[in-house]
Amino acid sequence: MAAAKGGVAMELEKMSVEQLKAIKEQTDLEVNLLQDSLNNIRSATSRLESASSALHDLSLRPQGHPMLVPLTASLYVPGALDDSDKVLVDVGTGYFIEKTMAEGKDYCERKINLLKSNFDQLIEVASKKKCIADEAGAILQAKLKQLSPTS
């Protein structure tokens, strides 16, 4: 890793001021996009963990138990639990699949594990891009300082 980092620094030192500015802007933009992706993954993981918790709570309730059923994020209607062993799982783009409670929990856990794996990979990429951006910024500042007249 140190040899690769040194190679990047040597390549950056050979670039002109304009090229360094472009590299710095590009890597800063990429870091911001990766941060947005990380936030989206965090949000999705949180929603899946809430869903998994809700499935667990639902499995503990007896048949016929009164409850509030969400129609939207802010609209609930009264209902009763009919069969706690079957659940509808949202698999994306408006598609739902009926699964058993165990299959629903398993689906949530697999998705959470996948998102956490993707999160770890994105963290690694984002940190590398941030290092490149910082390196380009430091070299750019040094070159600009050399070009400016001393007073």
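Whatever comes next refers back to the structure up there.
Definitions and cut-offs
- Residues numbered from 1 in each chain as written.
- Predicted model: local features only at pLDDT ≥ 70, side-chain atom pairs only at ≥ 80, totals over all residues.
- Heavy atoms only, no water.
- Helix = DSSP H or I, 4+ residues; strand = E, 2+ residues; numbered from the N terminus.
- Buried < 20%, exposed > 50% of the residue type's maximum accessible area, 1.4 Å probe, protein only.
- Contact = heavy atoms within 4.5 Å.
- Pairing = 2+ DSSP bridges.

(A) Molecular detail of unusual backbone geometry. At Thr-93, a residue that is not glycine, the phi angle is positive and equals roughly 50°. Along the chain, the position of Thr-93 falls in the loop between β3 (86-92) and β4 (95-100). You can call Thr-93 exposed: its relative accessible area is 76%.

(B) Broad picture of the environment of Ala-102. One can find Ala-102 in helix α3 (residues 101-147). On a C-alpha basis, the gap between Ala-102 and Lys-128 in space is 40 Å, while along the polypeptide they are 26 residues apart.

(C) Layout of the environment of Leu-75. The residue Leu-75 is located in the loop between β1 (66-70) and β2 (76-80) in this model. Here Leu-75 falls in the partly exposed class, since its relative accessible area comes to 43%. Measuring from C-alpha to C-alpha, the distance between Leu-75 and Glu-30 comes to 39 Å, with 45 residues separating the pair along the chain. Residues within four places of Leu-75 in sequence aside, it is in contact with Val-69 and Pro-70.

(D) Summary view of the pairing of β1. Looking at chain direction, β1 and β2 are connected through five bridges and run antiparallel. Paired with Val-69 across the strands is Val-77, a residue of β2. Remark: five residues form the turn of the hairpin made by β1 and β2, two consecutive strands paired antiparallel.

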